[in-house]
Structure formats: structure tokens, C-alpha cells
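# An overview of the molecular structure
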Amino acid sequence: MTAAAIDKILLSFFYELQNYFTLAGRTFVRIFQRPFYYREFAIQFDKLGFASLFICILTGLFSGMVMALQSLIQLKPFAATSYVGGMVAVTMIKELGPVLASLMVAGRVGSAITAELGTMVVTEQVDAMRVEGTDIIKRLVGPRLKAMLLALPLLTIVTDMVSIFGGYIMSAGYQINPLMYISGLPQFMVFQDLIEGVVKPAVFGGIIAITGCYVGLNTKGGAEGVGAAAKKAVVLSSVLILICDFFIAKIFVVFRG
Amino acid sequence: MISNDSIRMEKLCYSVGGRRILENFDFQLDRGVNRTILGISGAGKTTILKLLLGLLEPNSGTVSIGNLCITGLPESGFMQQRKQIAIVFQGGALFDSMTVGENVGYRLFEEGHLSQAEISKIVLEKLGFVGVEAALDLYPAELSGGMKKRVAIARALAADPDYIFFDEPTTGLDPIGVYNICNLMQRLQAEGKTTLMVTHDLATAFATSQRFTFLHDAQMLFEGSEEEMRCSTIPEVIEFLSPTERSLFV
Ligand SMILES: Nc1ncnc2c1ncn2[C@@H]1O[C@H](COP(=O)(O)OP(=O)(O)OP(=O)(O)O)[C@@H](O)[C@H]1O
Ligand SMILES: [Mg+2]
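Predicted model only: the values in this text are computed from it and were never measured.

### Quick notes on helix α2 (residues 75–82) of chain B
Three or more residues of α2 of chain B are buried, namely Phe78, Met79 and Arg82 of chain B. Looking down the long axis of α2 of chain B, one finds its buried residues gathered within 145° of arc, a one-sided arrangement. Facing away from the buried side of α2 of chain B by over 90 degrees, the exposed positions are Ser76 and Gln80 of chain B. Contacts from the buried residues of α2 of chain B go to α5 (125–131) of chain A together with β4 (60–65), β5 (68–69) and β6 (85–88) of chain B.

### As for the sheet that holds strand β9 (residues 211–216) of chain B
All names here are of chain B. In spatial order, the strands read β6-β7-β8-β3-β9-β10; together these six strands make up an open sheet with mixed pairing. Taken across any chain shown, the strands that pair with only one partner, and hence form the sheet edges, are β6 and β10 (219–224). Mean inter-strand twist for the sheet, computed between neighbouring axes without regard to direction, equals 15°. Here β6 pairs with strand β7 (residues 163–167) via four bridges, running parallel. Within β7, the residue paired with Ile87 across the bridge is Phe165. Seen against the sheet, helix α6 (residues 145–158) touches β6 and β7 and runs at an angle of roughly 175° to β6.

### What to know about the interface of chain A and chain B
Contacts between the two partners involve 14 residues from chain A, matched on the other side by 23 residues from chain B. Buried surface at the junction of chain A and chain B, summed over both partners, amounts to about 1,700 Å²; 49% is from carbon and sulfur atoms. Counting across the interface, chain A meets chain B through six salt bridges. Salt-bridge contacts for Glu75 of chain B lead to Arg130 of chain A; the nearest nitrogen and oxygen are separated by 2.7 Å. In this structure, the connection of chain A to chain B is made through 11 residue pairs in polar contact (both at pLDDT 80 or more).

### Quick word on the confidence of the model for chain B
In regions of low pLDDT, the predicted coordinates are not meant to be interpreted in detail. All names here are of chain B. Scored by pLDDT, chain B comes out at a mean of 89, with 98% of its residues at no less than 70. Of all helices and strands in chain B, the one with the weakest mean pLDDT is helix α10 (residues 235–241) (84), whereas helix α3 (residues 100–104) scores best (95). Here the prediction assigns the complex a pTM of 0.90, and the interface score ipTM is 0.90.

### Some thoughts on the packing of aromatic side chains
Here the structure, examined in full by the defined rule, presents 12 aromatic pairs over all chains. Between the aromatic rings of Phe36 of chain A and Tyr38 of chain A, the centroid separation amounts to 5.8 Å while the plane-to-plane angle is 50°, which identifies the pairing as tilted. For Phe36 of chain A, a relative accessible area of 21% gives the class partly exposed. A relative accessible area of 61% means that Tyr38 of chain A is categorised as exposed. Centroid distance Phe214 of chain B to Phe240 of chain B: 5.0 Å. Interplanar angle 65°. Geometry classified as edge-to-face. Within this pair, whereas Phe214 of chain B is found in strand β9, its partner Phe240 of chain B is found in helix α10, the two being separated by 26 residues in sequence. With respect to class, Phe214 of chain B is no different from Phe240 of chain B; both count as buried. Its end group placed over the ring of Phe95 of chain B, Arg155 of chain B keeps NZ or CZ at 4.5 Å from the ring centre. In this structure, Arg187 of chain B packs its charged tip against the face of Phe129 of chain B, placed 4.4 Å from the ring centre.

### Side note on the nonpolar core
Counting residues in hydrophobic clusters, the biggest one holds 71 residues, and the most contacted among them are Met9, Leu22, Leu52 and Phe165 of chain B. Within the second largest apolar cluster, 40 residues are counted, among which are Leu94, Leu108, Val123 and Met185 of chain B.

### A short note on the layout of surface pockets
Roughly 2,400 Å³ of volume is contained in the largest pocket. Here the lining of the largest pocket takes eight residues from helix α1 (residues 3–30) of chain A, the largest share from any one element. Of the volumes computed, that of the second largest pocket is approximately 770 Å³. Arg39 and Arg139 of chain A together with Met98, Glu102 and Phe109 of chain B are, among the 32 residues lining the second largest pocket, the residues nearest its centre.

Definitions and limits used
Residues numbered from 1 in each chain as written. Chains lettered and ligands numbered in written order. Predicted model: local features only at pLDDT ≥ 70, side-chain atom pairs only at ≥ 80, totals over all residues. Heavy atoms only, no water. Buried < 20%, exposed > 50% of the residue type's maximum accessible area, 1.4 Å probe, protein only. Helix = DSSP H or I, 4+ residues; strand = E, 2+ residues; numbered from the N terminus. Arc of directions from axis to C-beta. Contact = heavy atoms within 4.5 Å. Pairing = 2+ DSSP bridges. Axes fitted to C-alpha atoms, helices over the stretch in contact; angles between N-to-C directions. Buried area = accessible area lost by both parts, 1.4 Å probe. Salt bridge = Lys/Arg side-chain N within 4 Å of Asp/Glu carboxyl O. Polar contact = N/O pair within 3.5 Å; in protein donor to acceptor, adjacent residues only side chain to side chain. pLDDT = per-residue confidence, 0-100. Phe/Tyr/Trp six-rings, centres within 6.5 Å; stacked < 30°, edge-to-face > 60°. Lys NZ or Arg CZ within 6 Å of the ring centre and 35° of its normal. Core = buried A, V, L, I, M, F, W, Y, C linked by side-chain atoms within 4.5 Å. 1 Å grid on protein atoms, 1.4 Å probe; cavity = no way out; pocket = protein on both sides within 12 Å on 5 of 7 lines; lining within 4 Å. Points joined across faces, edges and corners; volume = space filled by probe spheres on them.

This is how it looks when you write it as C-alpha cells:
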């Protein structure tokens, strides 16, 4: 590869990065400005958030069960099975709940947002809206961002609760006293972990919405372009979620002292 | 001669993907002078309309609406000026999540100055103007191509613009459909609206416009009236008006 080629790739990378953050910043500012598009928000909350409830329940149930199963096997030789509730709770609430729920939703919702906006772009509906005097960011991006900022923490809380229930079922199968399981839940956690458990999904929700909208609004070409864009949005938001997860965890560790 | 009642582009260059679409292009649409842009497919006609509306950013040169230069301004900076222009897109570009009625009333509803009843009245009136009242509660996916075009025109009319851009309004229509669109444009012109059309359809062009622009290879090759065009000695224009064997692709 020549220096010129590398130069070109880097330039376009930073150009895209700049546009991405511009969109994120503008949207964030404009969700506090009129008009608020309540109806659009309600539609998106239902379509993106509520409709993802079932996959989050499934995700939570089985990941909680498998966490409990694996912990039980590890803890048994040390006669420490009383810690199982605490282990399930801390891993699910701080890490797996937010990350797994977000990854599931990113696959489902990220692609849907991108495909919808991408189709609107290639059929000139977005241009038509702009000519009609609509602020695309307020009308199309804002409601989706708001819906995800609110929906993903709620979905994550559901995922966490279901996973703790899944762990409970598994432990009961291994003759762990239910009271011991429940009283053991908070043993590895501090209050700040609960905050971490809802801050993460809120950030991830923002990433899914903004990435979906950014890729969708920059779709080129026809039906093929929309397909490629949807794929790109899912991969990009999943990777961003995992990267951000690390940094948010790091920040919380610092504050924990 | 620059008048305040015009939309124009000056010394405009636009390229996409390393390809020059327009080079040093000057164009002016004056109020009351209906124009048509002609040119072979892919010449950049749709691009001109989008540039005039500020939907695309030129590489260099300027676009002005009235006495406001919109190039380089953020969209919110020329929203008001642009509201005097409406466009009927090549594919209709109807919002497919909304019914025909909601499509036509979109801008009125968004602006929120009028009551629901007043909006419904205007929507029905505009749909009546293009003859598709029956489609009020249908979704765009349930319409035929010709109906989509007419609904798109009704939507463009809803906000009562001064200028209306038509991007290939007659392409893909049967002769009766073409006749209807042609008649509709003439009725609009009689109401005092200025039309700018992009088309390959010479009959419609000559029936609805006074000035013609011929676009070829990123340049304006010809600009003038119908007679001037018919008497033109520019080979490309002669070829466009009556293609001969020389134009065969194979
Ligand atoms: N997003 C884009 N990416 C790359 N090339 C583009 C893009 N948009 C337009 N073009 C190119 O610009 C040229 C002009 O496009 P435009 O849509 O203005 O053509 P047109 O004159 O309207 O053609 P038609 O009569 O077929 O509608 C085309 O050759 C097209 O290949
Ligand atoms: Mg075109």
C-alpha cells in the first residue's frame, strides 16, 4: 500500500467519524427542541423497544440459567454454592445484561432503522421531506434516539430480572435453598453497580439509534445499497457497544476507588 | 439581468465520485417563464433540480433563491425561501408509511397553523385538482404509477408554492395520462405558477414551456425558445430532436 492510499483511507475515516459525531451532537441538542414529535416517538418506542421485549426475556432466561449452572460447577468443590446468587446477579447486572440485551437489540433494531431510513433515502422520500420544510434530524433521528435511550435501560432491567429468575430455577434444581439464593444476590454489589447497569444500556441505546440513523441516511444506491447498509449498521453498532462497554466499565472502576 | 424573482445558479461545478456532472453551469429560472431542461438520460438533469433546491452542495459556484445565496448556508437558513418551491420527484417519493391524504396534507400538518378540518378540506381540493380523490385513504403501495405521480403533484400543490419543479412527470404514462399531466401544468401556469420541468418528452415540453435548456456533457449546449431550438445547427440538438442511425448504441 502506498502512502497516498493510506492517507486517503485515514482521511475518509476521520471524515466519517466527524460526521457521525456531528449527527450525534445535533440530534442530542435537538431532542430538547420543538416540535417534539410525540406521536412519532410513541410509534418508535413501540416498534423498536416494546417489540424487542420477547427476545430480551429469552436472552435473560437462558443466560441466567447458564451462568448459574457454570458457577455451581465451579463453586461446588469449595462448598461455596451459597455464592451462586451473588455471582449471577453481579455478572448479569453489571455486564451480561446490558451487553447481551444491547447486542440482541442492535441486531434487531439497528438493521430495521437503517433499512427504513435507507429506503427513504434511495426513494427520495428524505429529499421530499426536506423540501417540505422538515428538519430530518428532529423528525427522523430524534424520536428514534429518544425511544432507544428510554427503551434499552428498561429492556435491560427486564433482562436482568429474568436472568436472576433463570439462575434461581437452575439453583433450585441443584438443591440450593431459595432463601440463600435470594439473600446472596447483593453480596458482591454496591449501589453504584446498579447505576452502571442502567447507564450502560442508555449509552448503548444511543449508539444503536445513532449508528442506525447515520448509516441509513448515508445509504447509496438502490435495494442492494439498503441491504449493505443494514449489515454495516449491525456490525458497526455491535463493535461500538463492546468497545464502549470496556471504557464505561473502566470509568466506573475508577470512581469506585 | 438578475431579478429578485428568480432562482438561479452561477458558475456551478458539481462532481460525484470523481465524475464531472456540471461544469461552470449558469442557469436562471425567472418567475412567469416556464422552462424545460432537456438532455439524455444520466446527463445530470435531476441533479440540477436538487442543486437549485439546496438538497445537494455544489463543489463550487453558487445557488440563489430570490436575493438569498443559499450555498454554504445550513438548511434552516433558507427553509423559508425554499418553501416557495415545490418539487414532484421522478418516482413520486410519496411517504410510504402515510396514506395519500396524510401525504398531501403533510406540510400543512407539520406547520400546525391549520385545524384538522381545514387541512382535510385543502387535501380534498388538491386531490380533486388532479382527479384522485378516491385514493384518499389508500397507501402509496396500493396506487398505480400514474396515480402516484398525480398524488405527488397534489402534495406539491398543497402548500401553494410559486415555483413547481417537475422531474420527468410524463415518463411511463399512457397517452391519456400524459395529456392529463400536460393539461394540469397548463392550468397551474394559468394560476400564475412557474414550472420547471425535466423531461425527454418533447411534445409535453413544447406544449408547456417557453424556454428550453439542452444539457450535454456537463455543459449547457443550447438555451432558447422552441423556434430557436428547431432551427438550431448544433449537431447534438438536431440529433436529440430527431435521432438518426448515427445515434445507435450498437
Ligand atoms: N449518488 C450518486 N453517486 C454516484 N453517481 C451519481 C449519484 N447520483 C447521480 N449520479 C450520477 O450523476 C449523473 C446524473 O444523474 P441525474 O440523476 O441527474 O441524471 P438525469 O439526467 O436525471 O437522468 P435520468 O433522465 O435518467 O433521470 C448520472 O450519470 C449518475 O450516474
Ligand atoms: Mg433524473
